[in-house]
Each structure stands twice: as structure tokens, then as C-alpha cells.
Amino acid sequence: MAARCRRFRCDAVVDLSLARIVRSRAPVAAGQQPRTAIIDIGSNSIRLVVYQGPARLPAILFNEKVLAGLGRSLAQTGRIDGPSMRMAETALVRFAALAREMEADVIRTVATAAVRDAANGKALIAVANAAGLTVELLSGEDEAIGAGRGVISAIPNADGIVGDLGGGSLELVRVRNGEVGERASFPLGVLRIAAIRAGTQGALDRRVAKLLKDAGWLGAGRGLPLYLVGGSWRALARLDMHAVGYPLPIIHGYPMPPETIARLGRTLSHVAKGKLKGISGLSSGRIPTLGNATALLSVLLKHLKSSTTITSAYGLREGLLFGALDAATQRQDPLIVAARDEGARSGRFPEHGDLLDRWIAPLFERETAADARLRHAACLLADVGWRANPEYRAERGVEIALHGNWVAIDARGRAMLAQALHTSLGGGAPSPEPIPALASGDDLVRAHGWGLAMRLGQRLSGGLAGPLQRSHLADDGTALTLHLAGDDLSFYGETVAKRHAALAAALGRTPIVTS
């Protein structure tokens, strides 16, 4: 197939709304969150993901992929081969049945480069239609916009270039200020790279340089991060996390500078595939693509002049959901939305987290807006451990903070959340591993203070709204004063007094109570 690149104007209008969704069930009952299924027919994998939860950041209820390799034979024959077509048919029939059985309120099926470019792509669309699915054949521009929006949905302050590596194509998208800018699609999918590299030495370097130059993208990432989207690049991040002993099993937000990519390329050139299969979390189906994905990334960084890479767990599918939201919902903070939802489902009193944050806020007025945001999230999650055995409540809080499916938060932020919850749930002074490896001592001291303040507020109020609404804390630099309404002085029992004293000691203050 002739190599070509398409560049798109940033003012092009593309319909990525949910207007083309197939509705499969009756309208959603009052108070029930809608359930959305997306079937993504990619060049390397076919995946079903079912979402339910807050519109700004719905949770994943179900996620299954089949590595059908639809784009595997495109470079040689221009067609989807027979085994891949049969595997795709089985997957689509299963996924359609699952989505209906799960009573998805909406089912959306999209197909990308392999189906778009294959001579027999229409045959696969017919297979999907026979399974009761209506397929949207996305253009390269659709893919690019979707990937860009997906990264923005999880990293609202993203400022750089999104690189979405699929099996059949590579999309590059400029994102800044919450908007998708210039974008381009290149015939550089991971399943095509082997054929390019099989030519003369340096063939991939020359091909990428020419495509980027012709599209006006040479040096376009200078000084900016490259946000990595796609299973092969996520697998590469997983490999590096294993190699360096990274203490969190969280791919989203994981950074890899160019020198790391170069090191991984050297490692992959001689490491045995059997050894790679022993790495926890590394999909065996992605191992064959790692070498080519790394080679492409190394060359791409060289010619874009990007400063580093940041891995994104969000891409096209999440971008389709994000693009359907109104502007006000898109502007919501995804971390706060998710923490509030988790707190409402796991806690005892739905309004408690926001009240608790407002109650302790006067003690931390000099904090940055970024830290105040983390403190707010911690308060929203303050009650998540109450159902656990009392001996394991602190452990439960740490687990949720470190390993929860949060976005728009880095490792430092997770550690501070974990420290605050560990303290508020009675975990004691020592910070459990790996918290000290993820944030500075000063950060953890600050988060420990949040936890002590949260612990005081929860004990004083019993988790109820009234006592927090009728009382307030004040710090004058010498005394930590708890002001109670006259009739509420009875709430100030022995345990409350101990927690008041503990917080005052941590802040270097004298505890005082007034009514």
C-alpha cells in the first residue's frame, strides 16, 4: 500500500457525539446512572468496555479484548486475513450479546484504520451488522480527535502532543488549554513497522522523518511532552515499571524520558520473550509488538523533539464519551467527581466529605490550590474504610488511595491521599510502604495534618452534618481553638478531646475549646 499522510485543519468539524448510538433498552430509571457499552474494532485488538457512573468519569464495569490482529496482513495483501476475520466474527458476536445482556442503555461500535483501509473491510462491517451492531467507520481525523479528547478527559491540563499508536495507524494531536488542536494520521501502525524496518538500515528513521516533514510536524513537540496512547506503548511502560521496581502498579501518568526509551530499545533487542512473559501485568499478546513500538517511539521523539513521554490510560473510547458531554460537565474536575462518587457509595453520609473539607480548610489556608484539591479529595474519601474490620480500616484507606482508578493525579498526589486516609482511619505514625517512596517528608507531614483534622471532625460529628455546620476551627498561630455552639459542648467528650490535642500538637499549637 502506498504510504501517505493526511493532515487535518484544526477547525474541521467532526461529529463525535452520541447521536449515532444504538439504543438497546428502555429509558433509564429515575436516579439510575446510564450504562454505556463501546465496542472498539481496532487494527490489533477488538475490545468491549462497559461504563457506568458519573458522566464526567464513569467507572469501567467490564473490559475484555481479543487480539485479532486485523491489520497484520495489510502491508502485504491489503486485506484482513481469514484467521483474523474469523476471530473478529467470534468476538463481535460475543460482545454484542454481552452488551445486550448487561442491559447497556447505549451501545456504540466504532472501527478504525484496519477496517478503513482493508479491501475487505466492508465484509467485517457486515459481520458486525449481522450481530446487531451498527458500525461507525472512523476517519483518521475522528481517531485523532477522539484520542486527544481522551487524554484531556484524564489530564485536563495536558499541554503537548498526543501520540495514539494503533495497529494500522499513528495519530498525532496537539492538545492545550483543554482543547484539541492540529492533528494528523500516519500509516505507521505497530503492525506496519516490521515491514518498514525490514528494508535498509535506518529505513524507519527516514520514513518517519519524511512523513513528519511533509505534514509540517518536524520539531512540533519541542520542549513538550508526548502523551502515549495505545496498548503497545502502555505495555512498554509496564516493562519499564518492572525494570526499575516502580512501587505503584499504575500505568496512567507514568513518565519515560527519551533516554529511558533508548535503554528499553537496547534491552528488547536481546531479552528472551519467555522472560518477558513472566512480567506481571504485561500482556503476552503485546510482547511481539514491543520492539517495533519502541523503535517507532525512539524515532518519533527524535524528530518531534519532545522532552519526555507521559503514559495515558485514556484514549479513543474515553474521548468518545468526553466529546458527548456539555461544556460545563467537561470542565468538572475528574478527581473530585470520582472521589465524591466513591465516597457516596462507600460512606455513611453522602454530604459528609464536602462538609468535612470546608470545616478543616481554615487550618490550611496557606496551601497551594493543588494541595487544597488533594485535601478535598481526601475528605471525600474519609469514610471509605468504615465497613472494614477496625484492624484494617487504615489499610483499606491506603489501598483505595494508591490503587484507585483515579485520574488527574500523580504518584505524589496518591501518596498524600494515602497518608491522609491512613492517619484519619487510625493507622498510627509510621507511613506504610510505598508511601515514603512517592512523596517528600514535608508532603507527608502536611497530609498527616489533614488526616488528624479529618479524624477530629469525624469523631466530633459522628459523621453527621449538624455538628460540623454549627462549629468551626480557628488557628491564630498559638492556639488551635474549636468553637462549639452552646448546646453542642456535650459533643466534646474524652475521645474528641484527645483528637483535638493530637491535631494541636502536630501543628505546634495549644488546644482550646469555647462555647
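Each remark here, short or long, concerns the structure printed above.
Just so it is clear, the model here is predicted, and its values are computed rather than measured.

**Q** Pulling in residues and values, what's your account of the nonpolar core?
**A** Among the nonpolar cores identified, the biggest contains 73 residues, and Val162, Trp359, Ile360, Trp450 and Met454 are the most heavily contacted of them. Of the residues forming this core, the biggest block, eight residues, is contributed by helix α20 (residues 441-461). Grouped together as the second largest cluster of nonpolar side chains are 44 residues, Leu204, Leu212, Leu297 and Leu300 included.

**Q** Tell me about the packing of aromatic side chains, and please be specific about residues and values.
**A** Summed over the entire model, instances satisfying the criterion amount to one aromatic pair. Measuring from centroid to centroid gives 4.9 Å for Tyr246 and Tyr254, while their planes differ by 70°, and the two rings are edge-to-face. You can call Tyr246 partly exposed: its relative accessible area is 26%.

**Q** An account of the side chain of His303 is needed here, citing residue identities and associated values.
**A** With respect to the helices and strands, His303 occurs in helix α11 (residues 287-304). Of the polar contacts made by the side chain of His303, one reaches the side chain of Asp205; its length is 3.3 Å.

**Q** Go over the pairing of strand β9 (residues 170-176) with me, naming the residues and quoting the values.
**A** Regular strands place side chains that alternate from one sheet face to the opposite one. Along β9, six of the seven residues are buried, which leaves the element largely enclosed by surrounding structure. Here strand β8 (residues 160-165) hands over to β9 after four residues, the two strands then running antiparallel side by side. Relative to strand β10 (residues 179-186), β9 is paired through six bridges, and the arrangement is antiparallel. Within β10, the position partnered with Glu171 by the bridge is Ser185. Two successive antiparallel strands, β9 and β10, enclose a turn made up of two residues, where Asn177 displays a positive phi of approximately 55°.

**Q** How would you explain the pairing of strand β11 (residues 225-229) if you had to name every residue and give the values?
**A** Of all five residues in β11, five are buried, a share of seventy percent or more. Side-chain alternation along β11 places Pro225, Tyr227 and Val229 on one buried face and Leu226 and Leu228 on a second face that is also buried. Bridge count between β8 and β11: four bridges; the pairing is parallel. Bridging from a neighbouring strand, Asp164 pairs with Val229 of β11. Pairing geometry for β11 and strand β13 (residues 308-311), over four bridges, is parallel. Bridge assignment links Tyr227 to a residue of β13, and that residue is Ile310.

**Q** Describe in detail the sheet that holds strand β14 (residues 472-475), supporting the description with residues and values.
**A** Spatially, three strands are ordered β14-β15-β16 in an open sheet, and the strand pairing comes out mixed. One side of each edge strand has no neighbouring strand; the edge strands of this open sheet are β14 and β16 (510-514). Going from strand to strand, the sheet's axes swing by 20° on average, the running direction of each strand aside. The pairing of β14 with strand β15 (residues 479-483) spans four bridges and is classified as antiparallel. Each bridged residue has a counterpart across the sheet, and for Asp475 the counterpart in β15 is Leu480.

**Q** Give me the pattern of salt bridges: which residues, what numbers.
**A** Summed over the entire model, instances satisfying the criterion amount to 25 salt bridges. For Arg345, the salt bridge identified is with Asp341, shortest N-O distance 3.2 Å. Note that Arg345 and Asp341 are positioned in helix α14 (residues 334-346) at a spacing of four residues, about one turn of the helix. Measuring nitrogen to oxygen at the nearest pair gives 3.3 Å for the salt bridge that ties Arg446 to Asp371.

How each quantity is defined
- Residues numbered from 1 in each chain as written.
- Predicted model: local features only at pLDDT ≥ 70, side-chain atom pairs only at ≥ 80, totals over all residues.
- Heavy atoms only, no water.
- Core = buried A, V, L, I, M, F, W, Y, C linked by side-chain atoms within 4.5 Å.
- Buried < 20%, exposed > 50% of the residue type's maximum accessible area, 1.4 Å probe, protein only.
- Helix = DSSP H or I, 4+ residues; strand = E, 2+ residues; numbered from the N terminus.
- Phe/Tyr/Trp six-rings, centres within 6.5 Å; stacked < 30°, edge-to-face > 60°.
- Polar contact = N/O pair within 3.5 Å; in protein donor to acceptor, adjacent residues only side chain to side chain.
- Pairing = 2+ DSSP bridges.
- Axes fitted to C-alpha atoms, helices over the stretch in contact; angles between N-to-C directions.
- Salt bridge = Lys/Arg side-chain N within 4 Å of Asp/Glu carboxyl O.

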